[in-house]
Amino acid sequence: MSAVFQPIINFGYWLWGLLAAVLTWVFGVELAPYALYVIKILLLIVCIVVPLMLSVAYLTLWERKVIGWIQLRLGPNRVGPKGLLQPIADGMKLLAKEIIVPSGANKLLFVIAPIMAIMPALAAWAVVPFDPEMVLANIDASLLYILAITSMGVYGVIIAGWASNSKYAFLGAMRSAAQIVSYEIAMGFALVGVLMAAQSLNLVEIVKGQQSAYGLFGWFWIPLFPLFLTYLIAGVAETNRAPFDVAEGESEIVAGFHVEYSGMTFAVFFLAEYANMILVSMLCALMFLGGWLSPFPASWGVLGQSSFLWLLLKAFLVVSSFLWFRATFPRYRYDQIMRLGWKVFIPVTLVWIIVLGAWMQTPLWVWWKS
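Every residue gets a number counted from 1 within its own chain, in the order that chain's sequence is written. Totals for whole chains, interfaces and linings use all residues, but because this is a predicted model, local features are given only for residues with pLDDT of at least 70 and pairs of side-chain atoms are given and counted only at 80 or more. Just so you know, side-chain values use all the structure's heavy atoms and leave hydrogens and water out.

Caption draft 1: Spotlight on the pattern of salt bridges. Take a side-chain nitrogen of Lys or Arg and a carboxyl oxygen of Asp or Glu: if they are within 4 Å of each other, that pair is a salt bridge. All told, the structure shown has 7 salt bridges when counted by the stated rule. A salt bridge links Arg241 to Glu273; the nearest nitrogen and oxygen atoms lie 3.0 Å apart. With a gap of 32 residues between them, Arg241 in the loop between α8 (225–238) and α9 (250–253) and Glu273 in helix α10 (residues 263–287) connect regions that are remote in the sequence. For the pair shown, Arg241 and Glu273 are each scored as buried. Residue Asp335 pairs with Arg339 through a salt bridge whose shortest N-O separation is 3.9 Å. Of this pair, Asp335 and Arg339 both sit in helix α12 (residues 334–359), 4 residues apart, which is roughly one turn of that helix. The cut-offs for exposure are 20% and 50% of the maximum accessible area for each residue type, with area from a 1.4 Å probe on protein chains only; residues under the lower value are buried, those over the upper are exposed, and the others partly exposed. Under the relative-accessibility criterion, Asp335 is labelled partly exposed at 37%. Linked through salt bridges whose partners overlap, the residues forming this network are Glu63, Arg241, Glu273 and Arg326. Put simply, DSSP H or I for four residues or longer makes a helix, DSSP E for two residues or longer makes a strand, and each gets a number counted from the N terminus.

Okay, structure coming up:
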């Protein structure tokens, strides 16, 4: 594989050297390294955001296809070959729609709210590693950074509901805020278990802590199985996906917190939801499913080698389970959602953290490598 891409890599190095020479000529020897560093960071951001936005667009198509197959339908199949241009058509439609701001709305907050919803979903990717070397910011507290930055997404939802000057939107925002806060506690406790097992807050080190001669049996999904399930289900609730989508329960409160939004302002909320789904799936793959590590032992040759493709496959399987849940389970009542978060997930995670702490002090703990 590396031999196939080697000419492209060599051309990239040559192009980068040419850019460095031009910047040195323009800015001088002292300022050129700083200018080069800024351009490097901007290029890396583009390399993360562009594929992410394309993944979000085509995740909508994959969702409609999967649910169509489950319900014995074809799904989108008219726009382009096999319906592959459907996300492009949807995007063009939303771009052409007028953005209507209600007369009684707070116009500034009304426009800021979608930005506040999508910002954490994009900013969290700054510390997500794709392999041991491919990460924008490999900081030691990357897990803490993700927990902090993703918790800010709820502000976009609350502000959208309040600024719309609509009872339906406000009720949806209050529901969503209570739900997100409830399930964030359970998700936080699940991450405490990951921290204990890996002895690190760095996502690269967490993946390396799952490396063993046993393939997938060396990953954290085995010792942290209750926390893995809690994190996955809480992730579905955090992203307001079915069966936890009471924040936008069409039968009760129309479209919930974004009922007054149209055009691209609505599309940004839509993008934020799907970007958060991909982020939660990627974190599940990194923290519990071995990240880029192969599920097979190293003795299996090519299949046993670590690769970025393994990480993509694991994240794809997790995000596909989100779609499966939507097509399978009916929407929960609000009291059922609150009871699950407070009376089931939080006690389970607390008990398992205690069990994990005791387990790690015995010879039966084989995952942590000191």
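Next comes the rest of the account.
Caption draft 2: The arrangement of the environment of Tyr332 in detail. Mapped onto the fold, Tyr332 is located in the loop between α11 (308–328) and α12. Among residues more than four places away in sequence, those in contact with Tyr332 are Pro243, Phe244, Val246, Ile337 and Leu340. Note on contacts: a residue pair qualifies if any of its non-hydrogen atoms lie within 4.5 Å across the two residues.

Caption draft 3: Quick look at the packing of aromatic side chains. Between rings of Phe, Tyr and Trp, where Trp is taken as its six-membered ring, a pair exists when centres lie within 6.5 Å; planes separated by under 30 degrees are stacked, by over 60 edge-to-face, and by other angles tilted. All chains considered together, the criterion is met by 19 aromatic pairs. Here the aromatic rings of Trp62 and Phe316 are separated by 5.3 Å at their centres, their planes lie at 40 degrees, and the arrangement is tilted. Taken together, the residues span a long stretch of sequence, with Trp62 in helix α1 (residues 2–70) and Phe316 in helix α11 at a distance of 254 residues. The exposure class of Trp62 is partly exposed, given its relative accessible area of 27%. The interplanar angle of 75 degrees and the centroid separation of 6.0 Å between the aromatic rings of Tyr183 and Phe345 together place this pair among those described as edge-to-face. One end of the pair, Tyr183, is in helix α6 (residues 167–198); the other, Phe345, is in helix α12, and 162 residues separate them in sequence. With a relative accessible area of 7%, Phe345 lands in the buried category. Ring pairs connect the aromatic residues Trp221, Phe225, Phe228, Tyr231 and Phe288, which therefore count as one cluster.

All quantities given are derived from atomic positions and should not be read as evidence of function.
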